[in-house]
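# Observations on the model geometry
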Amino acid sequence: GNSNLATLSGLDSLTSIGRQCWFDLNELLFTLQGLNQLKSIGGSLYIRWNSALTDISGLENTAALSIQDLEIINNRALSECSIQPICNYLANPGGAVTIEENAPGCNDPEEVKEACHLAIEQIGFDDEVLLFPNPAEKTVTISGIEANTIPEIITYNQTGQKVLQGKPVNNTLDVSTLRPGVYLVELMTNQGIVKKKLMVE
């Protein structure tokens, strides 16, 4: 409820919050930039009634697993909610989810999930190579390339850590050991590296 607060730039050294993180009724707040070092919340994340808010990408580095309940409500100018932590949270919610009364694109959880899926589809460096299903649960099939031309596949999590490495079997990759979230998959091929985004549910 800070009527003159426009940015959070003074919080750029904040790395964690012990409990709730609420942004409510800040009429001039247009961005959450300044929270880029925030890695962990440890409770509910509420973003509500901020009429000028257009950008929540300052939360891009926050771990989805650190969020309990999520509310993004009545931010009339906010149309882009499909940042990685929100996508990861919606793939595996840690609690209640309420997304409503924002601008088109961020009006309900299904709309945001769709935007997350579109973002994944648009990132591949080779449009002919596909991973499906995407989102995946246990296995992913690779199409558009012969299995014997992929000597290795490396999968990274959202912080850039290598979490899976191996060779596909019959053009299929086992992802059952991965937690729900968004991953970068690198296919090492005879023609070079093909990079794809993968969502695991």
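In the block above lies the structure referred to throughout.
Quantities reported herein were computed from a predicted structural model and do not represent experimental measurements.

### What to know about the environment of asparagine 92
If you trace the backbone, asparagine 92 turns up in the loop between helix 1 (84–91) and strand 4 (97–100). On the basis of relative accessible area, asparagine 92 is assigned to the partly exposed category, the value being 35%. Placed 28 residues apart in sequence, asparagine 92 and alanine 64 show a C-alpha to C-alpha distance of 8.8 Å.

### Quick notes on the sheet that holds strand 3 (residues 67–73)
Taken in spatial order, the four strands line up as 1-2-3-4 in an open sheet, and their pairing is parallel. Lying at the two open borders of the sheet, with one neighbouring strand each, are strand 1 (21–24) and strand 4. Averaged over all pairs of adjacent strands, the angle between their axes in this sheet comes to 10°, without regard to strand direction. One ladder, built from five bridges, connects strand 2 (residues 43–48) with strand 3; its direction is parallel. What sits directly across from leucine 45, in strand 3, is leucine 70. The strands touched by helix 1 within the sheet are strand 2, strand 3 and strand 4, with strand 3 carrying the most contacts at an inclination of about 115°.

### Comments concerning the state of the cysteines
A disulfide bridge is the covalent bond that connects two cysteines by way of their sulfur atoms. With the rule as written, the count across this model stands at one disulfide. Note that cysteine 81 is cross-linked by a disulfide to cysteine 106, the S-S spacing being 1.7 Å. An S-S torsion of about -75° defines the bridge between cysteine 81 and cysteine 106 as left-handed. Taken as a pair, cysteine 81 in the loop between strand 3 and helix 1 and cysteine 106 in the loop between strand 4 and helix 2 (109–121) lie far apart in primary sequence, 25 residues in all. The thiol of cysteine 21 is not disulfide-bonded; the next cysteine sulfur, from cysteine 81, is found 15 Å away.

### With respect to the pattern of salt bridges
Pairing between side chains becomes possible if they bear opposite charge and their charged atoms approach one another. Taken as a whole, this structure holds five salt bridges when the rule is applied. Lysine 113 is paired through a salt bridge with glutamate 110; the nearest N and O atoms lie 3.7 Å apart. Residue lysine 113 and its partner glutamate 110 are both found in helix 2; the two are separated by three residues, about one turn of the helix. Accessibility expressed as a relative area gives 26% for lysine 113, which makes it partly exposed.

The rules behind each value
- Residues numbered from 1 in each chain as written.
- Predicted model: local features only at pLDDT ≥ 70, side-chain atom pairs only at ≥ 80, totals over all residues.
- Heavy atoms only, no water.
- Helix = DSSP H or I, 4+ residues; strand = E, 2+ residues; numbered from the N terminus.
- Buried < 20%, exposed > 50% of the residue type's maximum accessible area, 1.4 Å probe, protein only.
- Pairing = 2+ DSSP bridges.
- Axes fitted to C-alpha atoms, helices over the stretch in contact; angles between N-to-C directions.
- Contact = heavy atoms within 4.5 Å.
- Disulfide = S-S within 2.5 Å.
- Salt bridge = Lys/Arg side-chain N within 4 Å of Asp/Glu carboxyl O.

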